[in-house]
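Listed here are the chains, written in short residue letters.
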Amino acid sequence: AQLPDEALPNPPETPAVNLVNPEPTATMPAPAQQPQITGTWTFTVPRTVTRVMKKTGELTQYSLYAGRPAANDTPIVVITVGPPSAAPENSVAESDPATYKVTGTRSYVLNGNIAHEWTGTTSTGSAFSELVLTRPGATATSDVCHAMAAARNTAERTEALAILGSITWTPAAPSPGAP
């Protein structure tokens, strides 16, 4: 190989980046509209549990009692469903340390949904488990499922945990002619 005695000339200076569209915000395409996916939060209740439903505005709340409730009984599970603006999407237990002593937290997948869980004991000594559930792909307006279980004994705890473990979200069937 023969090398020349003189240096090769430098190429003309070019910008390191070639601008394709110097004003991209002026020509942005319209954002794609995501379809609104509707569905239902469901759960299974044993025959020994009494279900009381209350609907107020955007919220639907189920209070579940072990057996037939007396006037001053407290539910073993309360499940609330509604949009994030109305349903609790953060922990009630963490925001009320006088009532709830949180001893554990975790996030996991429950029946295909994203679950955030807080566990511990109440100020009266009952064990509690609190869940905030959202579905994968949920938007800022998607319903949140908030569930709080408090049990005074092993039988109530077993029933409450079975109910919490059964919570799932099922998408609604698309309407005829929908894309």
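Let me begin by describing the structure that accompanies this report.

**A word on helix α2 (residues 154-166)**
Counting along an α-helix, one turn takes 3.6 residues, and residues three or four places apart therefore face a common direction.
In step 1: Between the first and last C-alpha of α2 there are 18 Å, a value that for 13 residues agrees with the 18 Å anticipated at 1.5 Å per step.
In step 2: Among the residues of α2, E156, E159, A160, I163, L164 and S166 are the ones counted as buried. Buried positions in α2, seen along its axis, are confined to an arc of 165° and lie on one side of it. Exposed and oriented more than 90 degrees from the buried face of α2 are T154 and T158.
In step 3: Its side-chain oxygen at 3.2 Å from the backbone nitrogen of A155, N153 defines the N-terminal cap of α2.

**Overview of the environment of T80**
In step 1: In this fold, T80 is placed in strand β4 (residues 77-82).
In step 2: For T80, a relative accessible area of 6% puts it in the buried group.
In step 3: For the pair T80 and Q61, spaced 19 residues apart in sequence, the C-alpha separation works out to 4.3 Å.
In step 4: Looking at T80, its side chain comes within polar contact range of the side chain of Q61, at 3.1 Å.

**Section: the environment of S129**
In step 1: Within the fold, S129 resides in strand β7 (residues 127-134).
In step 2: Note on S129: relative accessible area 5%, which makes it buried.
In step 3: Along the chain, S129 and V102 lie 27 residues apart, while their C-alpha atoms are 9.2 Å from each other.
In step 4: When neighbours within four sequence positions are excluded, S129 is seen to be in contact with E117, W118, T119, A147, M148, A149 and L164.
In step 5: Within the structure, S129 has its side chain in polar contact with the side chain of E117 (distance 2.9 Å).

**Describing the nonpolar core**
In step 1: Judged by nonpolar contacts, the single largest core of 22 residues is most densely connected at F43, L64, V77, I79, L133 and I167.
In step 2: Among the elements of the structure, β3 (59-66), β4, β7, β8 (144-151) and α2 are those that each provide at least two residues to this core.
In step 3: Excluding residues within four positions of it along the chain, L133 makes contact with W41, L110, I114, A115, V144, C145 and I167.
In step 4: A93, Y100, F128 and M148 belong to the second-largest nonpolar core, a separate cluster that totals seven residues.

**Things to note about the pairing of β4**
In step 1: Where burial is concerned, most of β4 is hidden: five out of the six residues are buried.
In step 2: Note: β3 against β4, five bridges, orientation antiparallel. When the sheet's bridge partners are listed, L64 is paired in β4 with V77.

**Comments concerning unusual backbone geometry**
In step 1: Phi is positive for N111, which is not a glycine, with a value near 50°.
In step 2: Structurally, the position occupied by N111 is in the loop between β5 (100-110) and β6 (113-122).
In step 3: Here N111 falls in the partly exposed class, since its relative accessible area comes to 41%.

**Examining the pattern of salt bridges**
In step 1: If you walk through the whole model with that rule in mind, you get two salt bridges.
In step 2: The salt bridge involving R106 is made with E117; its shortest N-O contact spans 2.6 Å. Taken together, the residues R106 in strand β5 and E117 in strand β6 connect sequence positions eleven residues apart.
In step 3: Here E156 ties to R152 by a salt bridge, and the two come within 2.6 Å at their closest N and O atoms.
In step 4: A relative accessible area of 7% places E156 in the buried class.
In step 5: Judged by its relative accessible area of 54%, R152 is exposed.

Definitions and limits used
Residues numbered from 1 in each chain as written. Predicted model: local features only at pLDDT ≥ 70, side-chain atom pairs only at ≥ 80, totals over all residues. Heavy atoms only, no water. Helix = DSSP H or I, 4+ residues; strand = E, 2+ residues; numbered from the N terminus. Expected span 1.5 Å × (residues − 1). Buried < 20%, exposed > 50% of the residue type's maximum accessible area, 1.4 Å probe, protein only. Arc of directions from axis to C-beta. Polar contact = N/O pair within 3.5 Å; in protein donor to acceptor, adjacent residues only side chain to side chain. Contact = heavy atoms within 4.5 Å. Core = buried A, V, L, I, M, F, W, Y, C linked by side-chain atoms within 4.5 Å. Pairing = 2+ DSSP bridges. Salt bridge = Lys/Arg side-chain N within 4 Å of Asp/Glu carboxyl O.

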